[in-house]
Amino acid sequence: MKNESKSKAKSEPANVPFAFRAYSPEQLRDVLRKMYLIRRFEEGAEDSYTRGLIHGTMHLSIGQEASALGICMPLKSDDQITSTHRGHGHCIAKGAQVDRMFAEFFGKTTGYCKGRGGSMHIADVSQGNLGANGIVAGGIPIAVGAALSAKMQKNGKVVICFFGDGANNEGAFHESLNMASIWKLPVVFVCENNGYGMSTSTARSTAVANIADRAAGYSMPGVIVDGNNFSAVAEASSAAIERARRGEGPTLIESKTYRHRGHSKSDRNRYRTKEEIDEWKELRDPIALFESELRQFGILNDAGIEEVRASVEKEIADAIQFAKDSPMPNTGAALDYVYTELPQ
Amino acid sequence: MNSAVRELTYSQAIQEAMAIALESDPRVFLMGEDIGVYGGAFQVTGDLVERFGSDRVIDMPISELGGAGLAVGAAMTGMRPIFEFQFSDFATLAMEQIVNQAAKMRFMLGGEVSVPLVMRFPAGSGTGAAAQHSQSLEAWLAHVPGLKVIQPATPHDAKGLLLAAVQDPDPVMIFEHKLLYKVKGPVPEGHYTVPIGKAEIRRMGRDATIVATSIMVQKSLKAAEILQTEGIDVEIVDLRTIRPIDRETVINSVKKTTRLLCVYEAVKTLGIGAEISAMVAESEAFDYLDAPIMRLGGADSPIPYNPELEKSVVPQVPDIVAGIRNLVQGRR
């Protein structure tokens, strides 16, 4: 026992976080790239909205990037996710291209949903993203259904079910977690708890201190993780995904995080203090935390980080240009996709 | 076609359709409350669990919203679920998944997915089950683009429409009237389909058209026999599908008979009869009308428990007879 832990300590020092043991420098560099990509995508979307290029509304996940990436990192490309109204980060983390995402936000035919879905229904089915969802908890039973499919088809797929803290008080949450557990389905429930369901804090809305505590009611493991720490999230996700793939059933992960922006574009931030927001931005920003770890463990230096940033700037600028240049749908085609077009 | 035709009940016909679907397509599975060893609240699934196993005939917890969502998710990812609601009234518990998810998923995702989902709803009054177990809510669902809604009136159609629904790439909602479950009729053996979106003329006539749905087709046929003895010749259109409506069959029939009575069990106000009436009034058939379009539907009331009261709030054969007499009086 002693020898074993010693030899393990030699190859995998205990003070090295999971991600820096599990992933290659190239993979870690790509994680950073995608974190930037999410943030710059959302900042670009916000800017385009302000300029009147995007209509409707959007829900930004700025500040939650580590959670999206940490959860998706251990997935295989044909594993699936369901996402939420705050789903841009999940979409990018699961492998979507930002040019087609911008095109969707601009309502263009080149968008992932051909301009029919917009921000709230962004999806990339080819990468296993079954879609964001405009209904709080709407995606939870759908994820469990996809997991039932995977089990029936014996295809080895695992489904990640993202939802927010608000969803944990919906009936669909209860029904879905119960069924996933009794049938030991390969699904991982990921509650991204950013502290507020619109304006209502979890303290005011939820009877338990931690949403993960609710896992006990469904006889599944409940895991609390620092959602702003990429490595911590990836470690929890990895364990839950492996458990699901082994056929041992679901896990509920509570990823505690914070959204820097308001709930949506109508939010005046009256329900939280500037001090609270500033503290999360300045002391607990997930990208800054990951950058410092990359430096600390010798993966990237300042120049390397700058290089990643610059490449993302170009990708975002090109993507916005692609969206602007793409064609609008023909208004006569408004009824397309309501039903499947059957061959005559 | 060498398949024999037997007399089966409506529920046997549905069970046979499900058995054929389970046998012929590994993607098909059944899900619902007490559909396994219990055999379903109305014994429609019967012994299918013994033939196909509990992995394909899945007893789920009493969780209509979650269960409906599971069916949507499974349909989006390669399966072909047939989901049974124990009573159509319980659709109210699952409306989120039916209306916001199943109906819209393909559209919202720009055609990147389809939702080949079948949902079965035992519907209607006449069983003494009172207000929360007797409703006819098909118009609720027919109001939602993205869904198809069917109401088979005969054992033949119950089987053929269900098999068409299982093949359909989009969500199909089937409303089965509970009083039809024990009605017998000729049903061919083996696989066949009845097209969704096609009405059927059950009886040819010259003096008036009845457009009826579900059990009201049977009641209208009885009314037509009585009216025939009075020299009134009624044509009966069994709508079969209420979304999409077979416009052509209805309009052609009205042009021929010049009179229209819509008969349906659901609450008359804002129901399928209003849609049919407006459709005809807006069409070229309007110029052929010799009488106002009339509707017979359920009262603006929940379904009462007392059996006499229960009968009084939905159209009965004498109501249909009287309705047609009034319609044709102008000419006679």
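Residues numbered from 1 in each chain as written. Chains lettered and ligands numbered in written order. Predicted model: local features only at pLDDT ≥ 70, side-chain atom pairs only at ≥ 80, totals over all residues. Heavy atoms only, no water.

### Overview of unusual backbone geometry
Quick reminder of the rule: Comment: elements are numbered from the N terminus, with helices defined as DSSP H or I runs of at least four residues and strands as E runs of at least two. Throughout, exposure labels follow a simple rule: accessible area from a 1.4 Å probe, protein chains only, divided by the maximum for the residue type, with under 20% read as buried, over 50% as exposed, and the rest as partly exposed.
Omega for the peptide link from B:R243 to B:P244 comes to 0°, which places this bond in the cis form. Turning to its location among the elements, B:P244 is positioned in the loop between β12 (241-243) and α9 (247-257). Phi at A:M198 takes a positive value of approximately 55°, unusual for a residue other than glycine. Taking the relative accessible area as the measure of exposure, A:M198 reaches 48% and is therefore partly exposed. The phi dihedral of A:S219 falls on the positive side, at around 50°, and the residue is not glycine. One can find A:S219 in the loop between α9 (202-205) and β6 (222-226).

### Details of the pairing of β6(A)
The two faces of a sheet get side chains in turn, since along a regular strand they alternate between them. Residue and element names in this part refer to chain A. The criterion, for reference: Whether two strands pair comes down to DSSP finding at least two bridges between them. By the criterion used throughout, a crossover qualifies as right-handed when its path from the first strand across the helix to the second strand runs clockwise, the strands pointing away from the viewer.
Examined bridge by bridge, β6 and strand β7 (residues 251-256) share five bridges and lie parallel to one another. Bridging across to β7, V225 finds its partner in S255. Traced from β6 through helix α10 (residues 230-245) to β7, the parallel crossover comes out right-handed.

### Brief notes about the packing of aromatic side chains
How two aromatic rings sit relative to each other is set out by the distance from centre to centre and by the angle between their planes. To be explicit about the condition: Each Phe, Tyr or Trp ring, with Trp reduced to its six-membered ring, pairs with another whose centre is within 6.5 Å; inter-plane angles below 30 degrees give stacked pairs, above 60 give edge-to-face pairs, and intermediate values give tilted ones. As a reminder, the over-ring test applies to NZ of lysine and CZ of arginine, requiring each to be within 6 Å of the ring centre and within 35 degrees of the ring normal.
All told, the structure shown has 17 aromatic pairs over all chains when counted by the stated rule. With centroids separated by 5.2 Å and ring planes inclined at 75°, the aromatic side chains of A:F41 and A:F105 adopt a geometry described as edge-to-face. One end of the pair, A:F41, is in helix α3 (residues 25-50); the other, A:F105, is in helix α6 (residues 98-105), with 64 residues separating them in the sequence. Assigned by exposure class, A:F41 and A:F105 land together as buried. By way of ring pairs, the aromatic residues B:Y10, B:F42, B:F87, B:F90 and B:Y181 are connected into one cluster. Taking the ring centre of A:W280 as reference, the NZ or CZ of A:R284 above it sits at 3.8 Å.

### Details of the interface of chain B and chain A
Put simply, the test is: When checking whether two residues touch, look at their non-hydrogen atoms; a contact exists if any pair is within 4.5 Å. Salt bridges are defined as contacts in which a side-chain nitrogen from Lys or Arg sits within 4 Å of a carboxyl oxygen from Asp or Glu. Here a polar contact is recorded for every N or O atom pair within 3.5 Å, except that within protein the pair must consist of a potential hydrogen donor and a potential acceptor, and residues adjacent in sequence are included only if both atoms are side-chain atoms.
Between chain B and chain A, the contact holds 43 residues from the first and 36 residues from the second. Summed over the shared surface of chain B and chain A, the number is two salt bridges. With a shortest N-O distance of 2.9 Å, B:E112 and A:K114 are connected by a salt bridge. On the surface where chain B and chain A come into contact, there are 16 residue pairs in polar contact (both at pLDDT 80 or more). Those elements giving two or more residues to the side of chain B that touches chain A turn out to be β2 (28-32), β3 (57-59), α3 (64-76), α4 (91-102) and α5 (105-108) of chain B. Per-element tally for the side of chain B that touches chain A: the top contributor is α3(B), with 10 residues.

### Considering the nonpolar core
What counts is decided by this rule: The definition of a nonpolar core used throughout is a set of buried Ala, Val, Leu, Ile, Met, Phe, Trp, Tyr and Cys residues joined through side-chain atoms within 4.5 Å. Domain delimitation in this document rests on an assignment produced automatically or drawn from a domain database.
A:F189, B:M31, B:I98 and B:I276 are the most contacted members of the largest nonpolar core, which has 87 residues in total. Considering every element that reaches this core, the biggest residue donor is α3(B), with eight residues. Residue contributions to this core reach at least three from each of two domains, namely domain 1 (5-188) and domain 2 (200-329) of chain B. If we skip the residues at most four places from it in the chain, B:I98 touches B:F85, B:A91, B:A103, B:M119, B:F121, B:L141, B:L147 and B:M173. One finds A:A19, A:M35, A:F41 and A:L300 within the second-largest nonpolar core, a separate group that totals 63 residues.

### Thoughts on the sheet that holds strand β14 (residues 294-298) of chain B
All names here are of chain B. Note the cut-off: To get an axis, a line is fitted to the C-alpha atoms, and for a helix only the part in contact is used. The angle between two axes follows their N-to-C directions and goes from 0 to 180 degrees.
Pairing in this open sheet of five strands is mixed, and the strands run β9-β11-β10-β13-β14 from one edge to the other. For this open sheet the edge positions go to β9 (200-203) and β14, each flanked by a neighbour on one side alone. Taken pair by pair, the neighbouring strands of this sheet meet at an average axis angle of 25°, ignoring direction. Relative to β14, strand β13 (residues 260-267) runs parallel, the two being bridged by four bridges. Directly across from L261, in β14, lies its bridge partner M294. Of the strands in this sheet, β9, β10 (208-212), β11 (234-238) and β13 are in contact with α9, which crosses β11 at around 175°. Against the sheet, helix α10 (residues 272-281) contacts β10, β13 and β14, and its axis sits at roughly 155° relative to β13.

### Topic: the domain arrangement of chain B
Residues and elements named next belong to chain B. How we decide: Here the quantity called buried area is the total loss of accessible area, with a 1.4 Å probe, experienced by two parts when brought into contact, counted for both.
The domains assigned to chain B are domain 1 (5-188) and domain 2 (200-329). Contact residues are listed per partner, giving 29 residues for domain 1 and 22 residues for domain 2. Of all residues in domain 1, S125, Q151 and A153 bury the most surface against domain 2, accounting for 24% of the area lost on that side. At the junction of domain 1 with domain 2, the criterion picks out two salt bridges. The interface formed by domain 1 and domain 2 contains 13 residue pairs in polar contact (both at pLDDT 80 or more).

### A look at the layout of surface pockets
All names here are of chain B. Spelled out, the test is: Space inside and on the surface of the protein is sampled on a 1 Å grid over the protein atoms alone, with a cavity defined as a set of points where a 1.4 Å probe fits but cannot get out and a pocket as an open set with protein on both sides within 12 Å along at least 5 of 7 lines; lining residues have an atom within 4 Å of a point. Grid points are joined across faces, edges and corners, and a volume is the space filled by probe spheres set on the points. In this classification, Asp, Glu, Lys and Arg are treated as charged, Ala, Val, Leu, Ile, Met, Phe, Trp, Tyr, Cys and Pro as nonpolar, and every other residue, Gly included, as polar.
In this structure, the largest pocket encloses a volume near 690 Å³. Lining the largest pocket are 31 residues; nearest its centre among them are A139, W140, L270, G271 and I272. Among the elements of the structure, α6 (138-142), β12, β13 and α10 are those that each provide at least two residues to the lining of the largest pocket. For the lining of the largest pocket, the element with the most residues is α10, which contributes four residues. By residue class, the composition of the lining of the largest pocket is 20 nonpolar, eight polar and three charged. Both domains that meet at the lining of the largest pocket, namely domain 1 (5-188) and domain 2 (200-329), each give it at least three residues.

### A word on empty space enclosed by the protein
Scanning the entire structure with this criterion turns up three cavities of 30 Å³ or more. When its volume is computed, the largest cavity comes out at roughly 80 Å³. Along its surface, the largest cavity is lined by 13 residues, and B:S136, B:E138, B:Q151, B:H177 and B:S214 are the ones closest to its centre. If one sorts the elements of the lining of the largest cavity by residue count, strand β7 (residues 172-177) of chain B sits on top with three residues. Looking at side-chain class alone, the lining of the largest cavity contains four nonpolar, six polar and three charged residues. For the lining of the largest cavity, the domains that each give at least three residues are domain 1 (5-188) and domain 2 (200-329) of chain B. Around the second largest cavity, the lining residues are A:T82, A:L130, A:G131, A:A132, A:N133, A:G139, A:I142, B:M76 and B:M105. Grouping the constituent residues of the lining of the second largest cavity by class yields five nonpolar, four polar and no charged.

### With respect to the packing of helix α7 (residues 139-153) of chain A against α3(B)
Cut-off, in case you're wondering: Our angle categories are set so that under 35 degrees counts as roughly parallel, over 145 as roughly antiparallel, 65 to 115 as roughly perpendicular, and the remainder as oblique. Left-handed is the label given to a crossing in which the near helix is rotated counterclockwise from the far helix by less than a right angle, and right-handed is the label when the rotation is clockwise.
Two elements in contact, α7(A) and α3(B), have axes separated by 6 Å at closest approach and are oriented at 55°. In terms of orientation, α7(A) lies oblique with respect to α3(B). Like other packed secondary-structure pairs, α7(A) and α3(B) cross with a definite hand, here right-handed. When α7(A) is examined against α3(B), the residues A:P141, A:I142, A:V144, A:G145, A:A146, A:L148 and A:S149 are found in contact with a partner set consisting of B:G66, B:G69, B:L70, B:V72, B:G73, B:A74 and B:M76. For the contact of α7(A) with α3(B), a count of residues per class yields nine nonpolar, five polar and no charged.

### Side note on the pattern of salt bridges
Taken as a whole and judged by the stated rule, the model has 40 salt bridges over all chains. With a shortest N-O distance of 3.0 Å, A:R33 and A:E315 are connected by a salt bridge. Highlighted residues: A:R33 in helix α3 and A:E315 in helix α13 (residues 302-325), separated in sequence by 282 residues. Between B:R6 and B:E16 there is a salt bridge, with its nearest N and O atoms 2.8 Å apart. Taken together, the positions of B:R6 in strand β1 (residues 5-9) and B:E16 in helix α1 (residues 10-24) put the pair 10 residues apart, joining distant regions of the chain. What emerges from the salt-bridge pattern is a single network uniting B:D157, B:E200, B:R202, B:D238 and B:R240.

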